[in-house]
Amino acid sequence: MTEIPEEQQAAALRVVATAGARRADLLAEADRILTEEIRPAAITAARTGAERSRIRELARVGPTVLYRWFDEAGLPVRAKRPPGRPDA
């Protein structure tokens, strides 16, 4: 028996839906880990004097995210350099 195009489409869409749902679950879990585990641990590490570059490296987050966390936690964060200013 030959499959009709609609059956092929339905099968492909089921695969897309399953993979999409798995991806959404993984992204939700990653976000939970980031906000509930990594963020508080990074802030604690900074408060204990750990090097910020090392925290960022181990947390695997960008500087914008890390320094936003620090700012929100009341940790001192230096102002960003104006755009276009060459490194000193």
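As shown above, the structure is provided for reference.
First things first, this report covers the structure right here in the doc. What you are looking at is a predicted structure, and each value in this text was computed from that prediction instead of being measured.

## Remarks on the packing of helix 1 (residues 5-47) against helix 3 (residues 63-72)
Here's step 1: Where helix 1 meets helix 3, the closest approach of the two axes is 10 Å, and the angle between their N-to-C directions is 70°. Classified by the interaxial angle, the pair formed by helix 1 and helix 3 is roughly perpendicular. Facing Leu 34, Ile 38, Arg 39, Ala 42, Ile 43 and Ala 46 of helix 1, the residues of helix 3 in contact are Leu 66, Trp 69, Phe 70 and Glu 72.
Here's step 2: A per-class count over the contact of helix 1 with helix 3 returns 8 nonpolar, no polar and 2 charged.

## Concerning the packing of aromatic side chains
Here's step 1: Tallying each qualifying case throughout the model produces 1 aromatic pair.
Here's step 2: On the numbers, 5.8 Å between centres and 85° between planes, the contact of Tyr 67 with Phe 70 is edge-to-face. Taken together, the residues span about one helical turn, with Tyr 67 and Phe 70 both in helix 3 at a distance of 3 residues.

## Side note on the pattern of salt bridges
Here's step 1: By the definition in use, this model includes 6 salt bridges.
Here's step 2: Between Arg 32 and Glu 29 there is a salt bridge; the shortest N-O distance is 3.0 Å. Of the two residues, Arg 32 and Glu 29 both sit in helix 1, 3 residues apart, roughly one turn of that helix.
Here's step 3: A relative accessible area of 28% places Arg 32 in the partly exposed class.
Here's step 4: Across the pair Glu 37 and Arg 32 runs a salt bridge whose closest N-O atoms are separated by 3.2 Å.

Each value, and the rule that gives it
- Residues numbered from 1 in each chain as written.
- Predicted model: local features only at pLDDT ≥ 70, side-chain atom pairs only at ≥ 80, totals over all residues.
- Heavy atoms only, no water.
- Axes fitted to C-alpha atoms, helices over the stretch in contact; angles between N-to-C directions.
- Helix = DSSP H or I, 4+ residues; strand = E, 2+ residues; numbered from the N terminus.
- Parallel < 35°, antiparallel > 145°, perpendicular 65-115°, else oblique.
- Contact = heavy atoms within 4.5 Å.
- Nonpolar A, V, L, I, M, F, W, Y, C, P; charged D, E, K, R; others polar.
- Phe/Tyr/Trp six-rings, centres within 6.5 Å; stacked < 30°, edge-to-face > 60°.
- Salt bridge = Lys/Arg side-chain N within 4 Å of Asp/Glu carboxyl O.
- Buried < 20%, exposed > 50% of the residue type's maximum accessible area, 1.4 Å probe, protein only.

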